[in-house]
Amino acid sequence: MPRLTDARKELRRAQITEAAVRCFSRNGLERTSIADITAESGLSNGSIYAHYRSKADLVQASAHAVLTKRAKALGDYAASDTPPDPDELLARLIAAIDPVEARVGVQTWGEATTNPAIRGIVVDTIDRMRSMVHDCVMAHLVKVEHLDPAEAQEQVTPITDRVMALYLAELLHTALRSPTEETAS
């Protein structure tokens, strides 16, 4: 059997992760089996296990994939000459919420209350997201509001906390909507 190139391995991992996210969204984390992910991805069990050791690894990869999407956008916003103000940043984050990913995220939060490995993933993901929002808000305060960095540093944390709280609330709201409500909005 020919060896996979690094690029091909990454494509295969993405294929598996996307299949896992669809299964987690549809069936829940607990009720999704590796067999479900195998069927959804069209790959063999061996292929799944060649890329991921366990379902927990797939949950972690799913969280990482979603965070990577947000990280790119937040990095672009912070690097801009005119980073968005906190209200616009929140609006952009909310507009980018995918209902499937929201359902998986909320299920992962629930699992985090009883599973220490999943809790670590959730805490790390939220902390990294908070850090990226912090950097974007800081860039806005310095580049657009023209605050000196010390003054901006005093204001950035409470603003970041509010943006994160509202974003996570909207993520929960989106996850709880029925598919009928999703198509209506």
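Structure shown above.
In this report, we go over the structure that sits alongside the text.

Reading the values: rules and limits
- Residues numbered from 1 in each chain as written.
- Predicted model: local features only at pLDDT ≥ 70, side-chain atom pairs only at ≥ 80, totals over all residues.
- Heavy atoms only, no water.
- 1 Å grid on protein atoms, 1.4 Å probe; cavity = no way out; pocket = protein on both sides within 12 Å on 5 of 7 lines; lining within 4 Å.
- Points joined across faces, edges and corners; volume = space filled by probe spheres on them.
- Helix = DSSP H or I, 4+ residues; strand = E, 2+ residues; numbered from the N terminus.
- Nonpolar A, V, L, I, M, F, W, Y, C, P; charged D, E, K, R; others polar.
- Expected span 1.5 Å × (residues − 1).
- Buried < 20%, exposed > 50% of the residue type's maximum accessible area, 1.4 Å probe, protein only.
- Polar contact = N/O pair within 3.5 Å; in protein donor to acceptor, adjacent residues only side chain to side chain.
- Axes fitted to C-alpha atoms, helices over the stretch in contact; angles between N-to-C directions.
- Parallel < 35°, antiparallel > 145°, perpendicular 65-115°, else oblique.
- Contact = heavy atoms within 4.5 Å.
- Phe/Tyr/Trp six-rings, centres within 6.5 Å; stacked < 30°, edge-to-face > 60°.
- Lys NZ or Arg CZ within 6 Å of the ring centre and 35° of its normal.

### Structural notes on the layout of surface pockets
Part 1 of the reasoning: In this structure, the largest pocket encloses a volume near 330 Å³.
Part 2 of the reasoning: As for the largest pocket, its lining consists of 17 residues, of which Ala14, Thr17, Glu18, Ala61 and Ala65 are closest to the centre.
Part 3 of the reasoning: If you list the elements that add at least two residues to the lining of the largest pocket, you get α1 (6-27), α4 (55-79) and α6 (99-112).
Part 4 of the reasoning: The element best represented in the lining of the largest pocket is α1, accounting for seven residues.
Part 5 of the reasoning: Here the lining of the largest pocket is composed, by residue class, of seven nonpolar, three polar and seven charged.

### Considerations on α6
Each α-helix turn comprises 3.6 residues. Residues three or four places apart therefore point the same way.
Part 1 of the reasoning: Taking 1.5 Å as the rise per residue, α6 with 14 residues should run 20 Å; its terminal C-alpha atoms sit 20 Å apart, in good agreement.
Part 2 of the reasoning: Of all the residues in α6, the buried ones are Glu101, Ala102, Arg103, Val104, Gly105, Val106, Thr108 and Ala112.
Part 3 of the reasoning: The N-cap of α6, judged by a side-chain oxygen 2.8 Å from the amide nitrogen of Val100 a few residues on, is Asp98.

### Thoughts on the packing of α4 against helix α7 (residues 116-143)
Part 1 of the reasoning: Between α4 and α7, whose axes approach to 10 Å, the crossing angle comes to 0°. It follows that α4 is roughly parallel to α7 by the angle criterion. For the pair α4 and α7, the contacting residues are Ala56, Val59, Gln60, Ala63, His64, Leu67, Arg70, Ala71, Leu74, Tyr77, Ala78 and Ala79 in the first and Ile118, Ile121, Thr125, Arg128, Met129, Met132, Val133, Asp135, Cys136, Ala139 and Lys143 in the second.

### Digging into the packing of aromatic side chains
Part 1 of the reasoning: The tally for this structure, following the rule as stated, stands at zero aromatic pairs.
Part 2 of the reasoning: In this structure, Arg92 is placed above the aromatic ring of Tyr77, and the distance from its NZ or CZ to the ring centre is 4.7 Å.

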